[in-house]
Amino acid sequence: MSINHLSDDQIQEYLDGLSSEVTHIHLEKCAACRENLKAYQNLYKHLQGDTPFELPSDFEDKVMSNIRGQSETANSGLLTFFLSLLGVAGAFFTIFYYYGLNFLKAAPENFILIVDRVAKELNGGLTLIVAAALILILLGIVDRNIARVRSRIS
Amino acid sequence: MIDNRALVETILRGDPDAFRTLIRQHQRLVGHIVGRMVKNREDVEDICQEVFLKIYRSLKDFKFNSQLSTWIAAIAFNTAVTHMQKTKGAEAIFGGDDEIDSFPAAPDGSAPDAAAERANISFVLRTEIDHLPPLYGTIVALFHLHEMSYQEIGTIMKLPKGTVKSYLFRGRRLLKQRLTAQIRQEDLCL
Ligand SMILES: [Zn+2]
């Protein structure tokens, strides 16, 4: 009669398909080890039927809207950036159109004076254009920072 | 494998329905990994969302050096580990290596209204798994629910095959002992 019973590791190896002939022969002869084998078989059966954590049925939709939200944020950031550029270009084009090279010569010396003079002459129209361009630039910067913070969080 | 290749290529061409298919095929796997690693149920779904966003962003870098499911499982595992390191630390993940036998068993649900639930072996088992170190429970799920080999699990967790095997065997031995003890107790109660 054999005194050395199978270890728990040997029984698990047997059930995982890694057993040797020795294990097989011992199991045929030994009721105590067959009892232990039965306990493991029972455990395996329940482990295979376990449901640890199931995601909700709308999980897929949530992921997709999350992805869409992220790419929309990126797109709107880009749009604001281009609009800002367009605004600045438009403002400079207008100034250049009305004042030509004289404006460029005077510009570095006293910008505020020029803007003031131009605004008066255009009855406030140009100030509006410059202000709009500045607001657009600011929006662009804020939007890009929000997008950066969001992507860092996720 | 060929099917997965076609699926990945379709996703990369910008087909949102293809990514939906990928989510459907892998959300069970991701949910099981994150669900076993992170005990706080409220965090699990958010982390799973994060996992699929990461997959979406880095799918172009996947070169089919492994199975798609192995690659996805590794992202899920790493994201869960990062979350746990932020909240708890490495000890919580591995359960202090050689101390698994001293890991506390689930508290006995001795209230009378819990009797019906205690009779449910699956419930007992799940409670016991939740009391194992997260890594052990995750290995058990990957092996028994997703039919992964020691080698595949090792690739996902960046652990040697032998270590995976030893964690799996120790986890199962403990579960068997506790399950046997609980069920015999049930018999005595009846
Ligand atoms: Zn024996």
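If you're wondering where the values come from, they're calculated on a predicted model, not measured in any experiment. Residue numbers restart at each chain and count upward from 1, following the sequence in its written direction. Throughout, the order in which chains and ligands are written sets their labels, letters from A for the former and numbers from 1 for the latter. With the structure being a predicted model, the display of local features is reserved for residues of pLDDT at least 70 and the display and counting of side-chain atom pairs for 80 or more, all residues being used for whole-chain, interface and lining totals. The side-chain values count all of the structure's non-hydrogen atoms but skip hydrogen atoms and water molecules.

**Student:** Requested: an account of helix H2 (residues 21–29) of chain A, with residues and values cited.
**Tutor:** Residue and element names in this part refer to chain A. Working definition: with a 1.4 Å probe on protein chains only, accessible area under 20% of the residue-type maximum means buried, over 50% means exposed, and in between means partly exposed. Secondary structure elements are taken from DSSP: a helix is a run of H or I of four residues or more, a strand is a run of E of two residues or more, and numbering for both begins at the N terminus. Those residues of H2 that fall on the buried side of the exposure criterion are Thr23, His26 and Leu27. The buried side chains of H2 occupy one side of the element, clustering within an arc of 100° when seen end-on. Exposed residues lying more than 90 degrees from the buried face of H2 are Glu21, Glu28 and Lys29. Directions from the helix axis toward the C-beta atoms define the arc.

**Student:** Break down the coordination of the zinc ion for me, citing the residues and quoting the values.
**Tutor:** Atoms are scored as donors when they are N, O or S and lie within 2.8 Å of the metal, with 3.2 Å used for Na, K and Ca; no water is included, so coordination may look incomplete. Those protein atoms acting as donors to the zinc ion are His5 of chain A (ND1), His26 of chain A (NE2), Cys30 of chain A (SG) and Cys33 of chain A (SG), and they sit at 2.0 to 2.3 Å. Just to be clear on the cut-offs, tetrahedral is four donors with all angles between 85 and 135 degrees, square planar is four donors and octahedral six with opposite donors over 155 degrees apart and all others between 65 and 115, and anything else goes down as irregular. Coordination at the zinc ion is tetrahedral, judged from the 4 donor atoms that bind it and the angles of 96 to 130° they form at the metal.

**Student:** Explain the packing of aromatic side chains residue by residue, including any values.
**Tutor:** All names here are of chain B. Whether two aromatic rings pair depends on their centres lying within 6.5 Å, for rings of Phe, Tyr and Trp, where Trp uses its six-membered ring; planes under 30 degrees apart make the pair stacked, over 60 edge-to-face, and the rest tilted. Summed over all chains, the structure comprises 6 aromatic pairs over all chains. Here the aromatic rings of Phe19 and Tyr56 are separated by 4.9 Å at their centres, their planes lie at 75°, and the arrangement is edge-to-face. With Phe19 in helix H2 (residues 16–37) and Tyr56 in helix H3 (residues 41–58), this residue pair connects regions lying 37 residues apart in the sequence. In this structure Tyr56 comes out as partly exposed when scored by relative accessible area, which is 38%. Seen in terms of ring centroids, Phe62 and Phe64 are 4.6 Å apart; in terms of plane orientation they differ by 50°. Their pairing is tilted. Relative accessible area serves as the criterion here: at 14%, Phe64 is assigned to the buried category. In this structure an aromatic cluster arises from ring pairing among Phe62, Phe64 and Trp71.

**Student:** Could you give me a rundown of unusual backbone geometry, with the residues and numbers involved?
**Tutor:** The phi dihedral of Glu147 of chain B falls on the positive side, at around 50°, and the residue is not glycine. With respect to the element layout, Glu147 of chain B can be found in the loop between helix H8 (134–144) and helix H9 (150–157).

**Student:** Before we move on, can you summarise the environment of Asn65 of chain B with the specific residues and values?
**Tutor:** Take Asn65 of chain B: it is sitting in the loop between H3 and helix H4 (68–87). Separated by 67 residues in the primary sequence, Asn65 of chain B and Leu132 of chain B place their C-alpha atoms 32 Å from one another.

**Student:** Lay out the interface of chain B and chain A in plain terms, naming residues and giving numbers.
**Tutor:** How big an interface is tends to be stated in terms of the accessible area lost upon association of its parts. It only takes one pair of heavy atoms within 4.5 Å for two residues to be counted as in contact. Counting from both sides, the interface comprises 40 residues of chain B and, opposite them, 32 residues of chain A. Here the buried area means the combined drop in accessible surface, using a 1.4 Å probe, for two parts upon being joined, counting both sides. Of the roughly 3600 Å² buried at the junction of chain B and chain A (both faces included), carbon and sulfur atoms supply 60%. One side-chain nitrogen of Lys or Arg within 4 Å of one carboxyl oxygen of Asp or Glu is enough to make a salt bridge. Summed over the shared surface of chain B and chain A, the number is 9 salt bridges. Arg126 of chain B is the partner of Asp50 of chain A in a salt bridge, and the nearest nitrogen-oxygen pair spans 3.0 Å. Here a polar contact is recorded for every N or O atom pair within 3.5 Å, except that within protein the pair must consist of a potential hydrogen donor and a potential acceptor, and residues adjacent in sequence are included only if both atoms are side-chain atoms. Here chain B and chain A share 18 residue pairs in polar contact (both at pLDDT 80 or more) between them. Elements represented by at least two residues in the side of chain B that touches chain A include exactly H2, H3, helix H7 (121–130), H8 and helix H10 (161–189) of chain B. Among the elements that make up the side of chain B that touches chain A, the one with the highest residue count is H2 of chain B (11 residues).

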